[in-house]
Structures are given as structure tokens and as C-alpha cells.
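Chain and residue survey
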Amino acid sequence: QVQLVESGGGLVQAGGSLTLSCTVSGSIFRINAMGWYRQAPGKQRELVATISSGGSTSYADSVKGRFTISRDNAKNTASLQMNSLKPEDTAVYYCNAERVDFWNHPSSYWGQGTQVAVSS
């Protein structure tokens, strides 16, 4: 069993910063890519940023230049540094991890989500 726990959400004013953290625990064979997703009220969940096991990153155009994803493979953690926050960034942010088992079968795991609210 794999568990992901996010933390660091909160309420900030536009232009402020937050750092989200994700900790993975449980039965881990190998974690490949990790990512952060978000879901605003009335909208579908969207990809925010991903990072491979080797450190390669990708970002949604809406956050590029403002958000930075990082990970610590030894500690099984991933972080999302969010700067210059906008009201449009308000959403529940979810951490995702892709686990590959002994048979090379991938499984996707999600955290419970953490609320980010940005006021104008």
C-alpha cells in the first residue's frame, strides 16, 4: 500500500508565495514520475507540473516561470514552489506518483489534496 500526503496549502494574497510538499510512504518498489495536479471548482483536474526520476521537469503554460517542481528521491518527497500567485491559481492541489512494481506494471497514486486560495 502506498500513501501520499500533501501539505503547505493555505490562503495568500495575489503576488504571494507558497510551497507545497508531498511525502510518499508505504510499499515502494520504484517511483518513476511524480507530478502536481490541481482542480478548481467546476473545472476538470489539470496537470500543473511533472518531474521524472532523473529530474527532468515540465510545466503547464499557465504556471511556467512562476512554479518550480523538485524532488528528493532519497526521502521520497516532492515539492512545488509557487511564486507570483494569481487568483486563477486557486484550487485543490493533488500530488501524484507513478509506481512501477516488480512486474513492471505502473500504478498511479494520489494524495488527499491541499487547498490553495489566492485572494485578489
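See the structure shown above.
This structure is a prediction, so every number in the text was calculated from the model and none was measured.

**With respect to the overall build of the protein chain**
Along its length, the protein chain carries zero helices and 11 strands. The C-alpha atoms of the protein chain give 14 Å as radius of gyration, which agrees with the globular expectation for 120 residues (14 Å, within 12%). By its C-alpha atoms, the protein chain is 50 × 25 × 25 Å across when sized along the principal axes. When the 120 residues of the protein chain are sorted by exposure, 36% land in the buried category.

**Quick notes on the pairing of strand β8 (residues 77-82)**
Along β8, the buried face is formed by Ala78, Leu80 and Met82; none of Thr77, Ser79 and Gln81, which line the opposite face, is buried. Pairing of strand β3 (residues 18-26) with β8, which is carried by six bridges, proceeds in the antiparallel orientation. By the bridge assignment, Ser21 is partnered in β8 with Ser79. Taken together, the six bridges between strand β7 (residues 67-72) and β8 define a ladder with antiparallel strand orientation. Among the inter-strand pairings, Thr68 is bridged to a residue of β8, identified as Gln81. As consecutive antiparallel partners, β7 and β8 are separated by four residues, and within that stretch Asn76 has a phi angle of approximately 55 degrees, a positive value.

Conventions adopted
- Residues numbered from 1 in each chain as written.
- Predicted model: local features only at pLDDT ≥ 70, side-chain atom pairs only at ≥ 80, totals over all residues.
- Heavy atoms only, no water.
- Helix = DSSP H or I, 4+ residues; strand = E, 2+ residues; numbered from the N terminus.
- Rg over C-alpha atoms; globule rule 2.2 N^0.38 Å.
- Buried < 20%, exposed > 50% of the residue type's maximum accessible area, 1.4 Å probe, protein only.
- Pairing = 2+ DSSP bridges.

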